[in-house]
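# Residue-level structure breakdown
Here are the chains, one letter per residue:
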Amino acid sequence: MNRTIGSGIFTVPPKVLSGTGSIGASLLLWLAGGVIILCAVLCWLELGLTIPMVTLYENGVRRKVSAPRSGGPKNYLEYIYKKPAFLMTSVFGIMFIILGNLAGNAVAFGIYFMIALGKDPVNSSTNDYEKGPVIGLAITLLTVCCLLHVFSRRGGILVNNIFAITKVGILLVITILGFVHAAKKYLRSSVANITSTMINNATTLNFDKMTSFKSTGDFGSYVESFLFAIYPFTGFEQPFFVLSEVARPKTIFPKAAIASMLTTIVLYMLVNVSYFCVVPKESYTETSQSTIDMAGAFFHDIFDSTYGPRAGMRAMAALIAFSISGNILVLTFTAARVKQEIAKEGILPKSLFFATGYTTPWARFRNRSRNKPIADAEAVFDLDAHLEKTPIAAFALHWFSSIFLIVVTSMLRPATAYSFLVTLYSYVNVAVVGSLLGGGLLYLKIDSWLYKGRGRNWYSKVQWTPYLDPVPVIVYSSTMTFLVFAAFAKPGGTSPFSEKVTGYAWFLVPAIGISSLLWGVVWWFGFELAQWKGRRTFQVLRTPYLEDRDHDGNYVQRAELIEHEILY
């Protein structure tokens, strides 16, 4: 939940509301986004608890078992799209290395940090929208998060858990304050063009049954709004990125994942209703500006007449910056491990350097203070004898790709850069990857129905089947595929997603997103060409270490030895 509750629930509601022009339609999009991501969770559980299949020899008998491991969608896509070798590894790997980060959220952190200091990087052109400080803060946060996980793996996990608990508390506070306001227990306040009467009667006006479902949005605006509504629910995939480090993934994890997503859906719906109990919809539906601050307006409307100019907004901005930092902290932990798994496949230069886990400085310090010996090579799979390790080189790769995206978008206004990077993340990592995964899982099921043992025979291998199967995979795959192509629909001229408002062409994000698939194809051709010219074949040898903690046949891959061979 720490990854799921980030900037989205605080910054995205204005986008969804202004895109639809309707309170009712925006709430329906939020609910639809939650339901679709819940279907995604069910599909990922089916894949994650089954793939990969590892061959074991017990008492001389050979059998295959499912052994969940880190890597998430990389493992699932490689299993579904087996041939040609290394193609899907390259397609997903290159795309994820470049775009699998939260550079957009880092920019949002800088924006809200500056708002908390009393600046206005969203609407005021002073000091070029505070672009320099915002970028500096974004880079600083990314650097601190990487260094924390490099220094201590357990320390990073502890901080993650603290952030998660705190952020749930923030959402509950917002919900309570909004409902208290709706009960006519309010402080009078005013904003430019929005009177105190409109604020204090926001609940009645926003939820008027005669007007709440009247929409001004066009098709292109609805598609963009839907992508934004889905974005705050992303984060469910993070445990799948590090499934080797999840305790009892086949027994506890499915219940925890589903419960967390259901809790998030309820919280998000309550928070959105709470926003609309306080903030007049005209704040966003009757302006052509592209804004990202609903939570700040919420606190401003409630408190600022009592505690001084922008005091409520600044306080909320500080809380949002805190939330975003926790969001980035957890993705840094998980995304670096996916990039480590990609490097294990040997498609990167110096792959083993990026694939190797290195002992953390904190572990070395503790070991030295206790005068304990470091495990030797013969104890390579005695995990209890090893010091704490972390993929330091993969963290450096993750840091570099994040900074790269910030630099590339630095010519845009900070709020515009945030919107662009968030839309790109949603399109690529949610829609494009979701279309490949959902479509691939649907193919496995259809193949199993038609050909049974003569085909891929998925149903004889699957370890966990979702409720109402195959409804979740049909909903997931069809929705993601629809979004991949529908994103090319042009928004209307008055849309908040039009070029004159956003500052960039509407087709730029889907064009880059679709082209990201070709980056890996080009990389794969180069990889194959190098083998052909050198008259050699590259091969990856894996020696997995499996653990059956409860001795019930539920294996987890805790570690593996990777060897790269070149055959001439």
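Structural data are supplied above this passage.
Here is a short report on the structure shown in this document. As the structure is a prediction and not an experimental result, all values here were calculated from the model. (Residues numbered from 1 in each chain as written. Predicted model: local features only at pLDDT ≥ 70, side-chain atom pairs only at ≥ 80, totals over all residues. Heavy atoms only, no water.)

### Some thoughts on the environment of lysine 15
Relative to the assigned elements, lysine 15 resides in helix α2 (residues 13–20). In this structure the C-alpha to C-alpha distance between lysine 15 and tyrosine 284, which are 269 residues apart in sequence, comes to 8.4 Å. (Helix = DSSP H or I, 4+ residues; strand = E, 2+ residues; numbered from the N terminus.)

### Points about unusual backbone geometry
Peptide bonds are, in most cases, trans, and in most cases residues other than glycine have a negative phi. Cis rather than trans, the peptide bond between isoleucine 51 and proline 52 has omega equal to 5 degrees. With respect to the helices and strands, the residue proline 52 is situated in the loop between α3 (23–48) and β1 (53–58). Cis geometry marks the peptide bond from aspartate 469 to proline 470, where omega comes out at 10 degrees. Among the secondary structure elements, proline 470 is positioned in the loop between α20 (414–451) and α21 (471–486). We note that phenylalanine 86 has phi near 75 degrees; this positive angle belongs to a residue other than glycine. Relative to the elements of secondary structure, phenylalanine 86 occurs in the loop between α4 (73–80) and α5 (87–99). Of note, the phi angle at lysine 350 is positive, near 55 degrees, even though the residue is not glycine. Its location among the elements puts lysine 350 in the loop between α16 (311–344) and α17 (351–355).

### Here we look at the side chain of threonine 50
Note on placement: threonine 50 falls in the loop between α3 and β1. Under the relative-accessibility criterion, threonine 50 is labelled buried at 1%. The contacts of threonine 50, once residues within four sequence positions are left out, are Ser66, Trp458, Lys461, Val462, Gln463 and Trp464. (Buried < 20%, exposed > 50% of the residue type's maximum accessible area, 1.4 Å probe, protein only. Contact = heavy atoms within 4.5 Å.)

### Brief notes about a nonpolar patch on the surface
Taken together, the side chains of Leu28, Leu31, Val35 and Phe213 make up a nonpolar region of the molecular surface, amounting to roughly 380 Å² of accessible area. Following the sequence through the fold, leucine 28 ends up in helix α3. (Patch = residues over 30% accessible without salt bridge, like charges linked within 9 Å, V, L, I, M, F, W, Y side chains within 5 Å. Areas by Shrake-Rupley, 256 points an atom, 1.4 Å probe, with all protein chains shown as cover. Salt bridge = Lys/Arg side-chain N within 4 Å of Asp/Glu carboxyl O.)

### Examining α21
Its 16 residues give α21 an end-to-end C-alpha distance of 22 Å, which sits within 8% of 22 Å, the value for a rise of 1.5 Å per residue. Where α21 is concerned, the buried positions are Pro472, Val473, Tyr476, Ser477, Thr479, Met480, Leu483, Val484 and Ala486. Its buried side turned inward, α21 meets α3, α11 (219–230), α20 and α23 (508–533). (Expected span 1.5 Å × (residues − 1).)

### Observations concerning the side chain of serine 498
Among the secondary structure elements, serine 498 is positioned in the loop between α21 and α22 (499–502). Among the polar contacts made by the side chain of serine 498, one reaches the main-chain carbonyl oxygen of serine 495 at a distance of 2.8 Å. (Polar contact = N/O pair within 3.5 Å; in protein donor to acceptor, adjacent residues only side chain to side chain.)

### Some words on the packing of α11 against α21
When two helices pack together, their arrangement is captured by the angle between the axes and the distance separating the axes. α21 packs onto α11 with a crossing angle of 130 degrees between their chain directions and a minimal axis gap of 10 Å. Classified by the interaxial angle, the pair formed by α11 and α21 is oblique. For the pair α11 and α21, the crossing hand works out as left-handed. In this structure, α11 contributes Phe219, Val223, Phe226, Leu227 and Ile230 to the contact, and α21 contributes Thr479, Met480, Phe482, Leu483 and Ala486. (Axes fitted to C-alpha atoms, helices over the stretch in contact; angles between N-to-C directions. Parallel < 35°, antiparallel > 145°, perpendicular 65-115°, else oblique. Left-handed = near helix turned anticlockwise from the far one by under 90°.)

### Thoughts on the nonpolar core
General note: in soluble globular proteins, nonpolar side chains tend to be found buried as a group. By size, the foremost hydrophobic cluster in this structure holds 151 residues, and its most contacted members are Phe10, Leu45 and Ile174. Examining the composition of this core, we find that 17 residues originate from one element, α20, more than from any other. Beyond its immediate chain neighbours, meaning those up to four positions away, isoleucine 174 contacts Phe10, Val271, Ser274, Tyr275, Phe298, Phe299 and Met316. (Core = buried A, V, L, I, M, F, W, Y, C linked by side-chain atoms within 4.5 Å.)

### Structural notes on the packing of aromatic side chains
Applying the stated criterion to the full structure yields 25 aromatic pairs. With 5.6 Å between their ring centres and 85 degrees between their planes, phenylalanine 96 and phenylalanine 241 make a pair best called edge-to-face. With phenylalanine 96 in helix α5 and phenylalanine 241 in helix α12 (residues 238–241), this pair connects stretches of sequence that are 145 residues apart. Phenylalanine 241 shares its class with phenylalanine 96; the two are buried. With 5.2 Å between their ring centres and 70 degrees between their planes, phenylalanine 353 and phenylalanine 354 make a pair best called edge-to-face. By the ring-pair criterion, three or more aromatic residues cluster together here, those being Trp44, Tyr76, Phe236, Phe240 and Phe253. (Phe/Tyr/Trp six-rings, centres within 6.5 Å; stacked < 30°, edge-to-face > 60°.)

Limitation: the analysis is restricted to geometry and does not speak to function.
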